Amino acid sequence: MTENTFNTPASGPSGSEKPRSRNGLIYGILIAALAGTWIYMLYDKNKTNETIVQQGTQIDSISSSRDALQQEYNAANARLDDLISQNSRMDSLVKTKDKELADMKSRIASILSNKNASQAELAEARRLIEQLKSNIAGYQETIERLEGEKLVLAGERDVARKERDSVGVVKDSLNKQVTLGSVLHASNIKLQPLQIKKNGKEVETSKAKRADMMRVTFDLDENRIAPTGDKEIYVAITSPDGSPLAVEALGSGRFSLDDGTEKLYTAKKTVAYTKGEKQTVTMDWKQNSDFKPGDYSVEIYHNGFRIGQGKVTLKKGGWF
């Protein structure tokens, strides 16, 4: 009887299963790790996409804020320029704060021109723009107050001017009354044609042929307004044909009437007048040509006003 000496190892079937189990575990771990890596990569990609989206949104928001601030700044600048152009006082007010405004506007412009400006910088720009707008509002209030004061002063000046004009009118009226009141008045006016004899004797005549001169005689009535002093009296004689008797070489000339026009005078005389007294004045006119027959008129003037008039008629030839 043969004894079988071959023995089956104890780990026969069991031993082959252990390596398989170990390999499966390793595969499982690797698969899990790979899956985890994929999951992480997908998660990370999503996160990155979200960050990019958020950053894009943030950039869009900053850009929008900057654009809005730029519009506000432009509007504030336009308002400031408008105020300056409309009111010279605004210009002087702004000039007193030139440095402050220049620094403020420079900083705002610097921030708004920076496309990469941060939220903090935009917040600073907003604060400066609000301050600029506040300053402009303050300037406008000051101008309105000054304009109000100007209107009050203008009103006061207008009232004062009207009062002054009123006083001036009254004064002018009084002056005119005094001037008119001081104009002398002539009465008892006589225009005498005179013949001068060879012996020098003067004889009144009514014949044009014999008349050698005209004598004007009149009284200056008493006047309690006209002051004592020299008075210029003008006499204007008109010939029958309506022409004035005036010869410059014999002392005739022109004088101004109250209305500003001029008139020829035949003769003038400076009279030493005494206030409140009546006095008689005589003026002679001897011309370098013959007197013509007809009606002669005489007008007497003082201070540009006619103060009296008279007339005389000279007849043709014949004996005295």
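Residues numbered from 1 in each chain as written. Predicted model: local features only at pLDDT ≥ 70, side-chain atom pairs only at ≥ 80, totals over all residues. Heavy atoms only, no water.

Let's shift gears to the sheet that holds strand β1 (residues 186-196). Strand order in the open sheet made by the four strands is β2-β1-β3-β8, with antiparallel pairing throughout. Every other strand in the sheet has two partners, leaving β2 (202-204) and β8 (279-285) as the edge strands with one partner each. Ignoring which end each strand starts from, the neighbouring axes of this sheet average 35 degrees apart. (Pairing = 2+ DSSP bridges. Helix = DSSP H or I, 4+ residues; strand = E, 2+ residues; numbered from the N terminus. Axes fitted to C-alpha atoms, helices over the stretch in contact; angles between N-to-C directions.)

With that settled, the discussion passes to unusual backbone geometry. A negative phi angle characterises most non-glycine residues, just as the trans form characterises most peptide bonds. If you check the backbone angles, Asn 188 has positive phi at about 50 degrees while not being a glycine. Its location among the elements puts Asn 188 in strand β1. A positive phi angle, near 55 degrees, is found at Asn 303, a position not held by glycine. One can find Asn 303 in the loop between β9 (294-302) and β10 (305-314).

Now for the packing of aromatic side chains. Taken as a whole, this structure holds five aromatic pairs when the rule is applied. Between Tyr 234 and Phe 255, the ring centres sit 4.6 Å apart and the planes meet at 10 degrees, which makes this aromatic pair stacked. One end of the pair, Tyr 234, is in strand β4 (residues 229-238); the other, Phe 255, is in strand β5 (residues 253-256), with 21 residues separating them in the sequence. Geometrically, the ring pair formed by Phe 291 and Tyr 296 is edge-to-face, given 6.1 Å between the ring centres and 70 degrees between the ring planes. Taken together, the aromatic side chains of Tyr 234, Phe 255, Tyr 265 and Tyr 301 make up a single cluster linked through ring pairs. (Phe/Tyr/Trp six-rings, centres within 6.5 Å; stacked < 30°, edge-to-face > 60°.)

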